[in-house]
Amino acid sequence: MDAIRQFFMTAPVPPDTLAPSLWLIIALPLLGAFICGVFGRKLGRGNVHLVALGAVAGSFVLSVLAFWAVSHVQGGRPVSLTSSFSFNSVRYAMAHDFGTWFSAGDFRVNFGLMVDHLNAILLLVITGVGFLIHLYSTSYMEHDEGYWRYFAYLNLFVAAMLTLVLADNLVLLFVGWEGVGMCSYLLIGFWYNDAAKAWAGRKAFIANRVGDFAFLIATFLLVLTVGAFQRQADNTNFAPDNNRPERYAQGLSAKGPLTFQGLEAMANALPHEGAAKVTLHSEIVEGPLAGYTFGGVITAILLLFLLGASGKSAQLPLYVWLPDAMAGPTPVSALIHAATMVTAGVYLFCRMSFLLVLSPTAMAVILIIGTLTSLLAALIAFAQDDIKKVLAYSTVSQLGIMFMGVGAGIFWAAALHLVTHAFFKACLFLGAGSVMHGNGDETDIKKLGGLRTEMRWTWVTFMIATLAITGIVPLSGFFSKDAILHGVHHNQLGESLEWVSHLCGILGYVIAASTAFYMTRLYLLTFEGRRSSEARLAHAHESSWLMTLPLVILAVLSVVAAVYAFPLMQLPSGEHQPVFENFLNPVFASAERIAAAGRELRLEHELPHALDYFIAWLIALAGGALAAFLYMRFFPAQAGKPAPAWARAIRRAAQNKFYVDEAYEFVVIRPLKFLSMILYRVFDALLIDTVMVRGTAWVTTRVGSALRYVQTGDAQSYAAVMALALLGGVAYALIRVLS
Amino acid sequence: MVPTQYYLFLAAALFCMGMFGVLTRRNALVVFMCVELMLNAANLTFLAFARQRGDSIGHISAFFVIAVAAAEAAIGLAIVIAVFRSRGSVNIDDMKTMKH
């Protein structure tokens with residue numbers, strides 16, 4: 001037993017050896033994308049599959065090694081992250097700096113990769129789930145001509161997502177951030193012959209662009225803030241780093257202002273009251289931000305990051321693109337729009353948890369946004385009939401729950417929900433794809449039904465995933481979601497913001513019940529009951545093993561992932577802690593310390609009691625039972641009778657997504673189009689085209705034709721001009737000399 | 001002894017006459033003569049200053065100017081003769097080839 005334990009505690013490749021090879025994790029899928037994209041058509045179907053799957057599998061193996069290296073090495077001794085910014089940041093992490101990427105003046109960005117506990121888990125999710133979805137795709141896309149393009153995009157996406165996750169500074173993260181957005185755009189509009197699908201891609205792209213702009217502004221503000229902090233801080237500010245501001249300055253000159261380690265050192269220095277010169281309440285004295293307090297600027301930065309994250313992670317007000325994104329191939333919806341890319345916002349905030357806890361205001365806003373998004377999406381999901389649309393709104397809703405976790409400061413639960421959601425939502429989407437595959441691409445759940453007997457594997461896995469997302473007890477979704485909801489109830493965001501967490505906690509239970517309702521409805525209409533008379537095919541056929549195998553694996557994972565939420569790990573104090581929280585502790589230790597030092601925020605580590613679990617379970621069960629009653633008993637019996645007017649009105653409103661798209665059209669798009677038209681007419685057509693471009697030519701012609709008469713070709717008149725000029729010069733010189 | 005500025009006034013008068021001739025006369029040969037007049041005005045100033053300073057730099061400069069003027073006259077007359085042969089006139093109004 002000890003030998004086995006020893007084996008798992010010793011990484012097969014030591015971190016020091018592995019760290020310089022971290023770039024391979026990104027490079028493999030990138031190479032795969034290159035090969036598939038450039039030579040794919042010539043290689044043939046089998047080879048493309050081999051290259052694409054091999055690349056992701058290689059990344060997966062490397063990710064496992066990286067995960068292994070940072071989790072328990074040499075008998076559990078921590079790997080130290082060689083930090084340029086402070087001496088004492090020993091972490092379960094490894095990093096490698098590949099040197100300067102670009103620099104301008106004293107601004108510098110390094111190509112640095114880092115693996116710690118948080119992104120090691122994400123690496124496993126991205127490459128693991130990514131591999132399963134690649135595998136699934138080989139069967140799903142077998143009749144598609146553009147298979148090589150598809151796999152190239154998919155590999156490119158994996159590479160971009162890995163860049164996002166591995167980056168150790170914000171600029172490199174932004175590269176991945178943009179890369180996943182681009183791949184999402186390419187894949188949503190994969191069937192570009194269909195105008196509606198191409199439009200959906202554009203919508204996603206533009207909604208993301210709005211968020212990315214906010215992200216960039218926030219990044220720039222952060223550069224200014226770090227600079228101001230470095231100029232103003234004194235020794236006492238660096239108390240946690242052994243009073244060594246020089247070390248910080250060295251780190252800045254070596255690695256640039258945007259690395260997470262540097263930001264963390266800064267965040268650690270800010271909340272100290274007393275002797276320290278710079279605190280959250282001190283004003284910035286010089287530079288473009290002069291006059292604002294550090295705390296205020298950081299709140300603004302975080303709110304801008306929230307807008308950026310809501311673009312990528314489909315939160316209010318930018319969530320509208322995600323449901324339309326279902327136009328792309330179903331495995332894409334599973335990989336990009338459920339499991340990985342859309343959780344980038346959650347990852348970003350977990351990564352920057354140390355900054356987030358500096359601003360309770362920003363946290364409260366995130367909490368509110370997450371709750372409202374989740375609730376709205378859950379309500380819309382009630383009335384959708386398209387199987388993928390329901391899942392899309394469900395994704396938006398679950399992402400909202402993750403944001404609630406981040407906003408309430410339960411970062412580990414948000415990360416856990418991210419992971420479990422990746423499992424069961426990918427399983428659900430792939431199951432939906434399997435259903436569509438077996439039923440002639442029918443997506444309307446009203447026209448399905450009775451698949452239980454015809455698609456056994458799909459049915460079983462879909463049911464398990466549904467139970468997981470609704471929150472039935474032994475499954476992972478229950479524990480991860482309940483950890484968040486419990487935390488929202490108990491965490492306090494400072495005195496004045498207490499009502500926010502109370503309100504959001506109550507709404508959280510409404511969301512949980514709604515989730516159970518719409519997911520049960522989806523499941524029942526698709527799989528139970530009799531087969532609809534409007535079905536396209538009389539009998540559905542089960543998909544090939546290439547599609548069912550990933551389903552089975554994902555279903556198993558979405559069950560066993562629950563273990564991570566159990567309080568199995570014993571702390572030195574004797575208390576127990578959930579496995580996942582324990583594992584992520586080194587990452588969120590700074591956030592804990594800062595929250596404690598700032599005293600504006602109380603991060604709770606209270607474990608839910610059996611009663612809490614029971615209440616949450618009852619709520620989920622009630623939602624599911626209501627749906628079961630309505631759709632198994634009530635509605636079939638009422639068939640043919642008209643529904644009451646109010647019910648129809650509500651249903652119509654929900655079906656039309658509460659007219660949010662129309663409101664956007666009216667409030668944002670129309671005025672924007674009007675403004676653009678005016679700008680086009682006045683600036684483009686009038687000022688630039690007419691005045692600037694044609695105007696220049698006109699003036700030149702006129703001047704030329706006027707000067708034509710001066711050119712006589714007479715040497716004497718030229719000489720006369722010269723003589724006159726000389727005379728003028730002499731006269732001028734004389735005047736100067738005489739006066 | 002005659003003061004230097006008298007020589008300079010004379011040279012300025014000669015130069016202005018030369019320049020007036022260059023700018024107004026139509027006959028290429030007369031223009032040439034006027035150019036020589038201007039050059040000699042310059043020579044006169046050189047010599048006047050040389051005498052005032054009591055050294056020979058001005059003399060040497062004047063000899064250079066004379067040598068260059070001789071060369072210029074040789075080439076210029078050759079051009080005038082060539083133009084006269086091809087056009088039968090030395091009126092410079094007939095020679096506005098720079099316009100084309």
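The rules we used
Residues numbered from 1 in each chain as written. Chains lettered and ligands numbered in written order. Predicted model: local features only at pLDDT ≥ 70, side-chain atom pairs only at ≥ 80, totals over all residues. Heavy atoms only, no water. Helix = DSSP H or I, 4+ residues; strand = E, 2+ residues; numbered from the N terminus. Rg over C-alpha atoms; globule rule 2.2 N^0.38 Å. Buried < 20%, exposed > 50% of the residue type's maximum accessible area, 1.4 Å probe, protein only. Contact = heavy atoms within 4.5 Å. Areas by Shrake-Rupley, 256 points an atom, 1.4 Å probe, with all protein chains shown as cover. Lys, Arg positive; Asp, Glu negative; His and termini not counted. Charge placed at Lys NZ, Arg CZ, Asp CG, Glu CD. Salt bridge = Lys/Arg side-chain N within 4 Å of Asp/Glu carboxyl O. Axes fitted to C-alpha atoms, helices over the stretch in contact; angles between N-to-C directions. Parallel < 35°, antiparallel > 145°, perpendicular 65-115°, else oblique. Left-handed = near helix turned anticlockwise from the far one by under 90°. Nonpolar A, V, L, I, M, F, W, Y, C, P; charged D, E, K, R; others polar. Pairing = 2+ DSSP bridges. Core = buried A, V, L, I, M, F, W, Y, C linked by side-chain atoms within 4.5 Å. Buried area = accessible area lost by both parts, 1.4 Å probe. Polar contact = N/O pair within 3.5 Å; in protein donor to acceptor, adjacent residues only side chain to side chain. Phe/Tyr/Trp six-rings, centres within 6.5 Å; stacked < 30°, edge-to-face > 60°. Expected span 1.5 Å × (residues − 1). pLDDT = per-residue confidence, 0-100. Disulfide = S-S within 2.5 Å.

(A) The arrangement of the overall build of chain A in detail. Secondary structure summary: chain A contains 27 helices and four strands in total. A globule of 739 residues ought to have a C-alpha radius of gyration of about 27 Å, and chain A, at 30 Å, matches this closely. Overall size of chain A, expressed as C-alpha extent along the three principal axes, is 110 × 65 × 55 Å. Buried positions account for 54% of the 739 residues belonging to chain A.

(B) Representation of the overall build of chain B within the structure. Assigned secondary structure in chain B consists of three helices and zero strands. Relative to the compact-globule value of 13 Å for 100 residues, chain B shows a C-alpha radius of gyration of 17 Å, a clear excess of over 25%. Scored against the burial criterion, the 100 residues of chain B give a buried share of 25%. Long-range contacts, defined as pairs at least 24 residues apart, comprise 56% of the intrachain contacts of chain B with a sequence gap of at least 6. Counting every atom, chain B has about 6800 Å² of accessible surface; 73% of that belongs to carbon and sulfur. Computed over 8 positive and 5 negative side-chain charges, the inter-centroid distance for chain B is 5 Å.

(C) Just the pattern of salt bridges, in detail. Residue and element names in this part refer to chain A. Applying the stated rule across the entire model yields 12 salt bridges over all chains. A salt bridge links E528 to R452, with the shortest nitrogen-to-oxygen separation between them at 2.8 Å. Taken together, the residues E528 in the loop between α21 (498-527) and α22 (545-560) and R452 in the loop between α18 (411-438) and α19 (456-470) connect sequence positions 76 residues apart. On the basis of relative accessibility, which here comes to 14%, the residue E528 falls in the buried class. Several salt bridges converge on common partners, so that one network encompasses D97, D168 and K255.

(D) Focus on the packing of helix α5 (residues 117-140) of chain A against helix α13 (residues 330-339) of chain A. Residue and element names in this part refer to chain A. Put simply, α5 and α13 touch, their axes get as near as 9 Å, and they point 165 degrees apart. Considering the angle they form, α5 stands roughly antiparallel to α13. The hand of the α5/α13 crossing is left-handed. Between α5 and α13, the residues in contact are V129, G130, I133, Y136, S137 and Y140 and T330, P331, A334, L335 and A339, respectively. Here the contact of α5 with α13 is composed, by residue class, of eight nonpolar, three polar and no charged.

(E) Here's a closer look at the pairing of strand β1 (residues 94-104) of chain A. Residues and elements named next belong to chain A. When β1 meets strand β2 (residues 107-115), the two strands line up antiparallel, connected through eight bridges. Bridge pairing in β2 places A104 opposite F107. Two successive antiparallel strands, β1 and β2, enclose a turn made up of two residues, where G105 displays a positive phi of approximately 65 degrees.

(F) Structural view of the nonpolar core. Residues and elements named next belong to chain A. Grouped together as the largest cluster of nonpolar side chains are 227 residues, with contacts concentrated most on L170, F229, F305, F349 and L355. If one sorts the elements of this core by residue count, α18 sits on top with 19 residues. Not counting residues up to four positions away in its chain, the partners in contact with F305 are L170, F215, A218, T219, L222, L348, F349 and M352.

(G) Looking closely at the side chain of S63(A). All names here are of chain A. Along the chain, S63 falls in helix α4 (residues 45-71). Owing to a relative accessible area of 0%, S63 belongs among the buried residues under this scheme. Among residues more than four places away in sequence, those in contact with S63 are I25, L123, L124 and T127.

(H) How the structure looks around the interface of chain A and chain B. Across the contact, nine residues belong to chain A and 12 residues belong to chain B. For the pair chain A and chain B, the summed buried surface comes to about 810 Å²; carbon and sulfur atoms form 60% of the total. For the pair chain A and chain B, the number of links is zero salt bridges. If you look at where chain A meets chain B, you find three residue pairs in polar contact (both at pLDDT 80 or more). Of the residues belonging to the side of chain A that touches chain B, the class tally is four nonpolar, four polar and one charged.

(I) Just the packing of α21(A) against helix α24 (residues 610-638) of chain A, in detail. All names here are of chain A. For the pair α21 and α24, the least separation of the axes is 7 Å and the interaxial angle reads 35 degrees. Handedness of the α21/α24 crossing: right-handed. Between α21 and α24, the residues in contact are Y509, A512, A513, A516, F517, T520, R521, L524 and L525 and A616, I619, A620, G623, G624, L626, A627, A628, L630, Y631 and M632, respectively. Of the residues in the contact of α21 with α24, the class split is 16 nonpolar, three polar and one charged.

(J) Spatial organisation of the packing of aromatic side chains. All names here are of chain A. This model, assessed by the stated rule, comprises 29 aromatic pairs over all chains. An angle of 40 degrees between the planes, with centres 6.4 Å apart, marks the rings of F102 and F107 as tilted. Between F229 and Y248, the aromatic rings sit 5.7 Å apart at their centres with planes inclined by 85 degrees, giving edge-to-face as the arrangement. Here the residue F229 occupies a position in helix α8 (residues 195-232), and Y248 occupies one in helix α9 (residues 245-255), the gap between them amounting to 19 residues. Judged by relative accessible area, F229 falls into the buried class, the value being 0%.

(K) Fine view of the environment of Y664(A). All names here are of chain A. Within the secondary structure layout, Y664 lies in helix α26 (residues 660-707). Residue class for Y664 comes out partly exposed when judged on its relative accessible area of 23%. Each C-alpha atom of the pair Y664 and P317 lies 9.6 Å from the other, and the pair is 347 residues apart in sequence. With residues near it in sequence (within four places) discarded, Y664 still touches P317, L318, V320 and I669.

(L) Seen up close, the side chain of H134(A). Residue and element names in this part refer to chain A. Considering the arrangement of structural elements, one finds H134 in helix α5. For H134, a relative accessible area of 0% puts it in the buried group. Leaving out residues up to four positions away in the same chain, H134 has contacts with A52, L53, V56, F151, L154, N155 and V158.

(M) Fine view of helix α20 (residues 476-490) of chain A. Across its 15 residues, α20(A) extends 21 Å between first and last C-alpha, which sits within 8% of the 21 Å expected from 1.5 Å per residue. Burial of α20(A) is extensive: 13 of the 15 residues sit out of reach of the surface.

(N) Structural context of the confidence of the model for chain B. Looking at chain B as a whole, its pLDDT mean stands at 89, while 96% of the residues score no less than 70. For this predicted complex, the interface confidence score (ipTM) comes to 0.78, while the overall pTM stands at 0.80.

(O) Structural view of unusual backbone geometry. Of note, the bond from L316(A) into P317(A) is cis; its omega dihedral lies within 30 degrees of zero at -5 degrees. Inspection of the secondary structure puts P317(A) in the loop between α11 (294-312) and α12 (321-324).

(P) Focus on the environment of D689(A). Within the secondary structure, D689(A) is located in helix α26. The exposure class assigned to D689(A) is partly exposed, which follows from its relative accessible area of 36%.

(Q) A look at the state of the cysteines. All names here are of chain A. Per the stated rule, a full pass over the model turns up zero disulfides over all chains. No disulfide involves C36; its sulfur sits 13 Å from that of C183, the nearest cysteine. What makes C36 buried here is its relative accessible area of 0%. Residue class for C183 comes out buried when judged on its relative accessible area of 1%.

(R) Molecular detail of α21(A). Residues and elements named next belong to chain A. The end-to-end C-alpha distance of α21, which contains 30 residues, comes to 44 Å, matching closely the 44 Å that a straight helix rising 1.5 Å per residue would cover. Along α21, 22 of the 30 residues are buried, which leaves the element largely enclosed by surrounding structure. G529, located one to two residues past α21, shows a positive phi value of around 70 degrees.

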